[in-house]
Amino acid sequence: MSNIQGNTSQTRNTDYPLVIIGAGAAGLGASEKAKQEKIDHLVLEASHRIGGRGLTEYLEGTIPVDLGCHWMHCASKNPYVKWADKLGFEYQKDSDFNYTAFSGGKWLEKDQAHQIWNFIAQCNSNIIALYTESRESAIADGVDVESEWAPYAYYWYSLMHSNDVDQVSVQDLFDFDETHEDWPVKQGYGALIEKQGQNCPVQLNTQVSKIDWSSNSVKLTTNKGIITADKLIITVSTGVLASGEIEFYPELPESKQNAIYSLPLGNSNYQFFSVEKDAFDPGTPEMMKYIEDDISMLIHIQPFGAPCAYTSTGGRFAWWLEKQGTEASRSYFEKALVSVFGSNIRSRCREFKVSAWGYDPLIRGAYSSQKPGSVDQRKILKTPLNEMLYFAGEATSLDFLNTAHGAFISGQRAVEEVVNGVESIQFK
Ligand SMILES: Cc1cc2nc3c(=O)[nH]c(=O)nc-3n(C[C@H](O)[C@H](O)[C@H](O)COP(=O)(O)OP(=O)(O)OC[C@H]3O[C@@H](n4cnc5c(N)ncnc54)[C@H](O)[C@@H]3O)c2cc1C
């Protein structure tokens, strides 16, 4: 047993052996592991709720929609699948989806629709080949701009990385442990994350503004007073770290600061409509790639049979549309639905909802991408400092970067590092 596990309030000078900042998937994953290791700990969360970028809300008060993470990616390696089974959440395996495409004002034949996936598969192979030549390339270098499907590929990558193709290093795509299993959760992935974490010791509405790590323990300044700890796990987004909202004393070493700036958050948002019950014909495919002029979208119709439709935006366009406000997002999605289903659909759309992650001060974007020209920055970000500050969160995952399960596993990994020790940067 390491020191930290048997550490009681009589044998230490701090409030807690371990404090975790942030109750998103990473913080909750860390807390779950700390509970298993019997480490007395506290999670500090600035928001009034747990879940972070996992958030399920309800259209018309009853239809669950995920404003943040939605797909249990890499399902066979995703711990949330086991949690879903344990907690009674239902999910759909993507092999069961009915996909098609709509382009040039008409539905495409199956073969043609398939060409879009083949094109993206070809881009992926190009990008992986590029990585072996030069790890510093951008994924844009692997997309054939002349292809008629290039606009859809640009859109697709902007959803995967939340930054545009010229802003993402090939390493991010190369390192991702893709299993091609993306399973949505019926009651909401955000609701699952919240339920999984409901028994974690979280103190809500507690914002950390300063981390003093100048001595042998950590002193945290929060809006609820000072809290001290032997070890600290930091899970806030790289957007929050880069904003300077949390002061570090002493400042973080240059390598760590470079890693934070090399892993900026992009943006991605969901747009949802609830619709009248029979608004879509019974045979309407559940998922369609929509490509018209300069606009590409993936549109989901009646997920799990619910009377609603949704799409999502990514990259620079997501930042721009979020800034335009709710009405602009509404008409952007409505226009696409009208061009596919005709103008009658307009009067059959009911409540509209849209997420706004870019301007959420506790997140500041969607998920991180490594900038082209930089390598191995996630490794640098995750390396502990002085065996006292530990780092978790989606940006620190080396294989499941950007994802909720990658964040959860990174939190667990950080607790293992606390317990078992790991090479740490010594910084005076
Ligand atoms: C639109 C969108 C779609 C997505 N889709 C998917 C998907 O389909 N599948 C998937 O796997 N992933 C998806 N993701 C990514 C996934 O949601 C994230 O990677 C994951 O949830 C990040 O978890 P985290 O714990 O690292 O960070 P966060 O969830 O950001 O948690 C950090 C927490 O720290 C808190 N905090 C911030 N500052 C402070 C402070 N000063 N003091 C105390 N607390 C603070 C925040 O409030 C937050 O709760 C999506 C994300 C978005 C935005």
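These numbers come from a predicted model, not from an experiment. Residue numbers here run from 1 along each chain, matching the order of that chain's written sequence. In keeping with the predicted nature of the model, local features appear solely for residues at pLDDT of at least 70, side-chain atom pairs appear and are counted solely at 80 or more, and the whole-chain, interface and lining totals rest on all residues. Hydrogen atoms and water are omitted, and side-chain values are computed over all heavy atoms in the structure.

K.L.:
Just checking my understanding: could you explain the overall build of the chain for this structure?
P.N.:
Counting its regular elements, the chain contains 14 helices and 19 strands. For this measure, only C-alpha atoms enter the radius of gyration; the expected value for a globule follows 2.2 Å times N^0.38, where N is the number of residues. Since a compact globule built from 428 residues should have a radius of gyration of about 22 Å, the 22 Å found for the chain is in line with a globular shape. Over its C-alpha atoms, taken along the principal directions, the chain stretches across nearly 70 × 50 × 40 Å. Under the scheme applied here, a residue whose accessible area is under 20% of the maximum for its type counts as buried, over 50% as exposed, and between as partly exposed, the area being computed with a 1.4 Å probe on protein chains only. Within the chain, the fraction of its 428 residues that count as buried is 57%. Nonlocal contacts in the chain, meaning residues at least 24 apart in sequence, comprise 75% of its contacts between residues at least 6 apart. Surface exposure here means Shrake-Rupley accessible area, sampled with a 1.4 Å probe, where a residue is shielded only by the protein chains that are shown. Approximately 18300 Å² of the chain is accessible, and the part contributed by carbon and sulfur atoms is 48%. Secondary structure counts use DSSP, requiring at least four H or I residues in a row for a helix and at least two E residues in a row for a strand, with both numbered from the N terminus. Any two residues having at least one pair of non-hydrogen atoms within 4.5 Å are treated as being in contact.

K.L.:
What's the story with the site of the ligand in this structure? I'm lost.
P.N.:
The near set for a molecule or strand comprises every residue that places at least one heavy atom within 4 Å of it. Close contacts around the ligand come from 38 residues, with Ala26, Glu45, Arg53, Trp71 and Ala404 the closest. Polar contact is the term for a pair of N or O atoms within 3.5 Å; when the atoms are in protein, one must be able to donate a hydrogen and the other to accept it, and sequence-neighboring residues count only if both atoms are side-chain atoms. At 3.1 Å from a nitrogen atom of the ligand is found a main-chain nitrogen or oxygen belonging to Ala46. In this structure, Val208 approaches the ligand through a main-chain N or O atom, which is 3.0 Å from a nitrogen atom. Protein chains bury 98% of the 1000 Å² of accessible surface belonging to the ligand in isolation. Within the residue set of the shell around the ligand, elements represented by two or more residues are helix H2 (25–36), strand E14 (268–275) and helix H14 (404–420). Taken together, the residues that form the shell around the ligand break down as 21 nonpolar, 14 polar and 3 charged. Under the scheme applied here, ten amino acids are nonpolar (Ala, Val, Leu, Ile, Met, Phe, Trp, Tyr, Cys and Pro), four are charged (Asp, Glu, Lys and Arg), and all others, including Gly, are polar.

K.L.:
What exactly am I supposed to notice about the nonpolar core here?
P.N.:
Note that soluble globular proteins tend to have their nonpolar side chains buried in a common cluster. The criterion is simple. A nonpolar core is a set of buried Ala, Val, Leu, Ile, Met, Phe, Trp, Tyr and Cys residues joined through side-chain atoms within 4.5 Å. With 47 residues, the main nonpolar core has Ile139, Tyr152, Tyr157, Met297, Ile299 and Phe333 as its most contacted residues. Considering each element in turn, this core owes the most residues, 8 residues, to helix H4 (residues 110–133). By size, the runner-up hydrophobic cluster in this structure holds 37 residues, among which are Val43, Ile50, Val185 and Tyr390.

K.L.:
Please clarify how the domain arrangement of the chain should be interpreted in this entry.
P.N.:
Where interface size is quoted, it is often the accessible area lost as the parts come together. Domain start and stop positions are those given by an automatic or database domain assignment. The assigned domain composition of the chain is domain 1 (3–51 + 197–263 + 370–420) and domain 2 (94–180 + 268–354). Placing the centre of domain 1 and that of domain 2 at their C-alpha centroids yields a distance of 34 Å. Taken together, the contacts link 14 residues of domain 1 with 15 residues of domain 2. Buried area: the accessible surface (1.4 Å probe) lost by two parts on joining, summed over both. Between domain 1 and domain 2, a total of about 1100 Å² is buried, with carbon and sulfur atoms accounting for 47% of that surface. The largest per-residue losses of area from domain 1 upon contact with domain 2 belong to Gln370, Pro372 and Val375, which jointly make up 39% of the total buried on that side. The term salt bridge refers to a pairing of a side-chain nitrogen on Lys or Arg with a carboxyl oxygen on Asp or Glu at a separation within 4 Å. Summed over the shared surface of domain 1 and domain 2, the number is 2 salt bridges.

K.L.:
Would you mind going over the sheet that holds E14 with me for this structure?
P.N.:
Two pairing modes exist for strands in a sheet, parallel and antiparallel, and in both the strands are linked by backbone hydrogen bonds. An order of E7-E6-E15-E16-E17-E14-E18 is seen for the 7 strands of this open sheet, with the pairing classed as mixed. One side of each edge strand has no neighbouring strand; the edge strands of this open sheet are strand E7 (106–107) and strand E18 (349–354). Pairing between strands is defined by DSSP: at least two bridges between them are needed. Relative to E7, strand E6 (residues 99–103) is paired through 2 bridges, and the arrangement is antiparallel. Bridge pairing links Phe102 to Trp107 in E7. Here helix H5 (residues 150–161) sits on the sheet in contact with E14, strand E15 (287–292), strand E16 (295–301) and strand E17 (308–314), set at roughly 60 degrees to E16. What counts as an axis is a line fitted to C-alpha atoms, over the stretch in contact for a helix, and the angles between N-to-C directions run from 0 to 180 degrees.

K.L.:
What should I look at first to understand the packing of aromatic side chains in this one?
P.N.:
Geometrically, a pair of aromatic rings is defined through the distance of the ring centres and the angle of the planes. Pairing of aromatic rings covers Phe, Tyr and Trp, the last through its six-membered ring, and needs centres within 6.5 Å; plane angles under 30 degrees mean stacked, over 60 mean edge-to-face, and all others mean tilted. The tally for this structure, following the rule as stated, stands at 19 aromatic pairs. An angle of 65 degrees between the planes, with centres 6.3 Å apart, marks the rings of Trp107 and Phe341 as edge-to-face. Here Trp107, found in strand E7, pairs with Phe341, found in helix H11 (residues 326–341); they are 234 residues apart in sequence, far enough to count as distant. Here Trp107 falls in the partly exposed class, since its relative accessible area comes to 36%. You can call Phe341 partly exposed: its relative accessible area is 24%.

K.L.:
Sorry, what's going on with helix H10 (residues 315–324) here?
P.N.:
An α-helix turns once per 3.6 residues; consequently, residues spaced three or four apart project the same way. Looking at H10, one finds that the buried residues are Gly315, Ala318, Leu321 and Glu322. One side of H10 holds all its buried residues, which, seen down the axis, span an arc of 100 degrees. On its buried face, H10 is in contact with H5, E14, E17 and H11. Once H10 finishes, Gly325 follows within two positions and takes phi at roughly 105 degrees, a positive value. Working note: the arc is built from the helix axis to C-beta atom directions.

K.L.:
I tried to follow the environment of Ile139 on my own but got confused; where do I start?
P.N.:
Summarising the element assignment, Ile139 is placed in the loop between H4 and H5. Between the alpha carbons of Ile139 and Thr221 there is a distance of 41 Å; along the sequence they are 82 residues apart.

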